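Observations on the three-dimensional arrangement
So the chains spell out like this:
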Amino acid sequence: MSIVASQVILHPYVSQALKYGGTNLGRDKLYRTVQYFSRFLAWYLQSRGRNSEATRWTALKNHLALARKLMRLGKPVEHLQAALRAAQTAGDIGEQLATIGRQIGYFGYLVYDTVVWANAVKIINLKPSTSQRVTRVSNQFWLSGILFSIVHGLLKAGRLATDAKKLRFTGDRGEKDLTDETQRELKQLTLQKMRADVRYQFIVDLMDIWIPASNLGLVNVNDGVVGLAGLASSIMGMRAQWFAVNGPK
């Protein structure tokens, strides 16, 4: 029995899960996944008239949302730093401006989101009208950050496609030196990975954009749609963070 317990506790997947959970971003992605699953499930139960069960999942969703706001304290500075670094980096001007816009959007979103958290835990006391206005501005910044991210993805995807086309064109001309061919194949693999990463983030953004758009009343979708969109993007975010922490295999 002790041998079986040791094999389970010391299993590599358990170690990888602990390593993943040891990162703040990993925990945030996990909480976010449960939060949007709870949002979808609460909507589903309410639509079936099972309000008492839906109440428990709504409470879980709200508590996780509040906990995630606390975990993100200080994160606005990270986005501000990223915006300053992007401004100081040479590169495609369109991508650079989109990156700056994205980081400033998330900076504003998280700053106002901190105010929302402080009001929720009674550190400050805002009037209901002021609280609603702060929440709305927070969602506006969030939406702008996602839109800039989508623009950045489109611009970068176009540039990478052009680079890949040029690389194929140079490989089709003249005699092929073994060293040059190896370097060209390495560049192709790098471009393929970069293009895959851009597509992945683009899909995440397309899922996430429904959340602030719904909060702002720009689209008329129910909590089920928003919950599923948030769940899908959260799972994709968890996957990306898992690979970042533990590697692709």
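Up top is the structure.
Here the structure is a predicted model, which is why all the values come from computation and not from measurement.

A tally of helices and strands in the chain yields ten helices and zero strands. Counted from the first residue to the last, the chain has its helices and strands arranged as α-α-α-α-α-α-α-α-α-α. Counting only C-alpha atoms, the chain reaches 75 × 60 × 35 Å along its principal axes. Relative to its 249 residues, the chain shows a buried fraction of 34%. For the chain, contacts bridging at least 24 residues in sequence account for 73% of all contacts bridging at least 6. Of the roughly 15400 Å² of accessible surface on the chain, a fraction of 62% belongs to carbon and sulfur atoms. A gap of 11 Å separates the mean positions of the 33 positive and 17 negative side-chain charges of the chain.

Count 3.6 residues to each turn of an α-helix, and residues three or four apart come out pointing the same way. Its 13 residues place the ends of helix α5 (residues 75-87) 19 Å apart at the C-alpha level, agreeing with the 18 Å of an ideal helix rising 1.5 Å per residue. Among all positions in α5, only Pro76, His79, Ala83 and Ala86 are buried. Buried residues of α5 fall within an arc of 85 degrees about the axis and therefore sit on the same side. Looking at α5, the residues exposed on the side facing more than 90 degrees away from the buried face are Leu84 and Arg85. Close packing links the buried residues of α5 with α6 (93-120).

Analysis parameters
Residues numbered from 1 in each chain as written. Predicted model: local features only at pLDDT ≥ 70, side-chain atom pairs only at ≥ 80, totals over all residues. Heavy atoms only, no water. Helix = DSSP H or I, 4+ residues; strand = E, 2+ residues; numbered from the N terminus. Buried < 20%, exposed > 50% of the residue type's maximum accessible area, 1.4 Å probe, protein only. Contact = heavy atoms within 4.5 Å. Areas by Shrake-Rupley, 256 points an atom, 1.4 Å probe, with all protein chains shown as cover. Lys, Arg positive; Asp, Glu negative; His and termini not counted. Charge placed at Lys NZ, Arg CZ, Asp CG, Glu CD. Expected span 1.5 Å × (residues − 1). Arc of directions from axis to C-beta.

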